Amino acid sequence: MSTEIVSDEQVWAAVAAERRSLVDLLDGLTEQQWDRQSWCAGWRIRDVVAHIVLTSRAGAGEILWELLRARGNPDRMSFATAVRRANSRSSQDLLAELRAIVELRHTPVGTTALDRLMDLLVHGQDIAVPLGIRREMPVDAARWSAERVWRMGWPFRAQRVLAGHRLIATDTEWSAGSGAPLSAPIAEILLLVTGRIPVAAVGRRGSA
C-alpha cells in the first residue's frame, strides 16, 4: 500500500481540472443524452450531474435535514436529492451550476478533498461510458483516489469485498491487499474498488 503524502493543494488542483473537463464534456451533449441512463444503475446522466453539484457544496444542516427526510438512509438521500434537483433544473442550469463550482474548495461534513476528487473521477465514467465517450483519468489523481477508497471502509468496503486479492497497478507504483494478483491500470483499479466493474473484468478493458 502507498505511503505517499499528497497535499490539499495538489488534490484541489486536480478537483478543479476534473470539474473543468466535465463541463467541457457536458457542454456538447444533446437533451436526449442528458436523459440517458448513466453507468450508475437507476441514475440518469442529469441526476449524476446534480449529485456532483450537491455534494460539492452541501452544508451540515442541509445534509442532516435531507438525511432525516430519507429516514436515515444515506443512499436514499443521495438519490432523492439528486433527482429532485435534476427535475427542477434544465440541463443548461445544471451545467451552469457545475461551472460555478469549478474552483470551489468545500468538503461537506465527514468528507475530505480526496473524496471530492474520487467522486468526480468515478462519476465522470458514469457519464462517459454509456455515451461511448472515452474519458481518461489522470494517473496521479486515480492513484490518490484508489488509495483513499482502499482505506476508507464505508461505503465501498473494498478491503472486505476484495479480500483474497492483491491489486497491482501496471502504470504507476501502487498495490494493495494480499492473495491472487489482479493487475490493471490504476484507473481500472479505481473502478474495481468502487464497485463499477467486477473482478472478472479486470485486465480485459484496457485503461478506463
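You'll find the protein chain entered in an unreviewed UniProt entry as Maleylpyruvate isomerase family mycothiol-dependent enzyme, with Nocardia testacea given as the organism.

Peer 1: Outline the pattern of salt bridges, supporting the account with residue identities and numerical values.
Peer 2: Under the counting rule described, the total for this entry stands at 15 salt bridges. A salt bridge links Arg143 to Glu4; the nearest nitrogen and oxygen atoms lie 2.9 Å apart. You can see Arg143 sitting in helix α8 (residues 139-152) and its partner Glu4 sitting in the segment before α1 (8-26), a full 139 residues away along the chain. For Asp35, the salt bridge is made with Arg46, and the minimal N-O distance between the two is 2.7 Å. Within this pair, whereas Asp35 is found in the loop between α2 (31-34) and α3 (45-57), its partner Arg46 is found in helix α3, the two being separated by eleven residues in sequence.

Peer 1: How would you sum up the nonpolar core? Please name residues and give values.
Peer 2: Core analysis: the largest hydrophobic core is formed by 60 residues, its most contacted members being Leu26, Ile127, Leu167, Trp174, Leu190 and Val193. Aside from chain neighbours lying at most four places away, what touches Val193 is Val149, Trp150, Phe156, Ala158, Leu162 and Leu167.

Peer 1: An account of the sheet that holds strand β3 (residues 179-184) is requested, with residue identities and associated values reported.
Peer 2: As summarised here, the arrangement of the three strands in space is β2-β1-β3, forming an open sheet in which the pairing is mixed. At either margin of the open sheet sits one strand with a lone partner, and together these are β2 (175-177) and β3. Across the sheet, the mean angle from the axis of one strand to that of its neighbour is 20°, orientation sign disregarded. Pairing of strand β1 (residues 164-169) with β3 involves six bridges; the strand directions are parallel. Note on β3: the bridge partner recorded for Arg166 is Pro181. This element, helix α10 (residues 186-193), spans β1 and β3 of the sheet and lies at about 145° to β1.

Peer 1: An account of the environment of Gly179 is requested, with residue identities and associated values reported.
Peer 2: You can see Gly179 is positioned in strand β3. Placed 16 residues apart in sequence, Gly179 and Ala163 show a C-alpha to C-alpha distance of 7.8 Å. Sequence-distant contacts of Gly179, defined by excluding residues within four places in its chain, comprise Gly164, His165 and Arg166.

Peer 1: Give me the packing of aromatic side chains: which residues, what numbers.
Peer 2: All told, the structure shown has one aromatic pair when counted by the stated rule. For the pair Trp43 and Phe79, a centre-to-centre distance of 5.3 Å together with 70° between the ring planes defines the contact as edge-to-face. Pair noted here: Trp43 is in the loop between α2 and α3 and Phe79 is in helix α5 (residues 74-87), with a separation of 36 residues, a long-range link.

Peer 1: An account of the side chain of Arg44 is requested, with residue identities and associated values reported.
Peer 2: Within the element layout of this structure, Arg44 appears in the loop between α2 and α3. Polar contacts involving the side chain of Arg44 include one to the side chain of Asn87, which spans 2.7 Å. The contacts of Arg44, once residues within four sequence positions are left out, are Trp34, Asp35, Arg36, Gln37, Ser38, Val83, Ala86 and Asn87.

Peer 1: Give a detailed account of unusual backbone geometry, specifying residues and quantitative values.
Peer 2: Between Trp154 and the following residue, Pro155, the backbone shows a cis peptide bond with an omega angle of 5°. You can see Pro155 is positioned in the loop between α8 and α9 (158-161). Its identity is not glycine, yet Arg157 carries a phi of approximately 50°, on the positive side. Within the secondary structure layout, Arg157 lies in the loop between α8 and α9. A relative accessible area of 33% means that Arg157 is categorised as partly exposed.

Peer 1: Break down the packing of α1 against helix α6 (residues 91-100) for me, with residues and values.
Peer 2: Relative orientation of the contacting elements α1 and α6 amounts to 160°, with a least axis distance of 9 Å. Relative to α6, α1 is oriented roughly antiparallel. Both α1 and α6 take part in a crossing whose hand is left-handed. Mapping the contact onto sequence places Leu22, Val23 and Leu26 in α1 and Leu95, Leu98 and Arg99 in α6.

Cut-off values and rules
Residues numbered from 1 in each chain as written. Predicted model: local features only at pLDDT ≥ 70, side-chain atom pairs only at ≥ 80, totals over all residues. Heavy atoms only, no water. Salt bridge = Lys/Arg side-chain N within 4 Å of Asp/Glu carboxyl O. Helix = DSSP H or I, 4+ residues; strand = E, 2+ residues; numbered from the N terminus. Core = buried A, V, L, I, M, F, W, Y, C linked by side-chain atoms within 4.5 Å. Buried < 20%, exposed > 50% of the residue type's maximum accessible area, 1.4 Å probe, protein only. Contact = heavy atoms within 4.5 Å. Pairing = 2+ DSSP bridges. Axes fitted to C-alpha atoms, helices over the stretch in contact; angles between N-to-C directions. Phe/Tyr/Trp six-rings, centres within 6.5 Å; stacked < 30°, edge-to-face > 60°. Polar contact = N/O pair within 3.5 Å; in protein donor to acceptor, adjacent residues only side chain to side chain. Parallel < 35°, antiparallel > 145°, perpendicular 65-115°, else oblique. Left-handed = near helix turned anticlockwise from the far one by under 90°.

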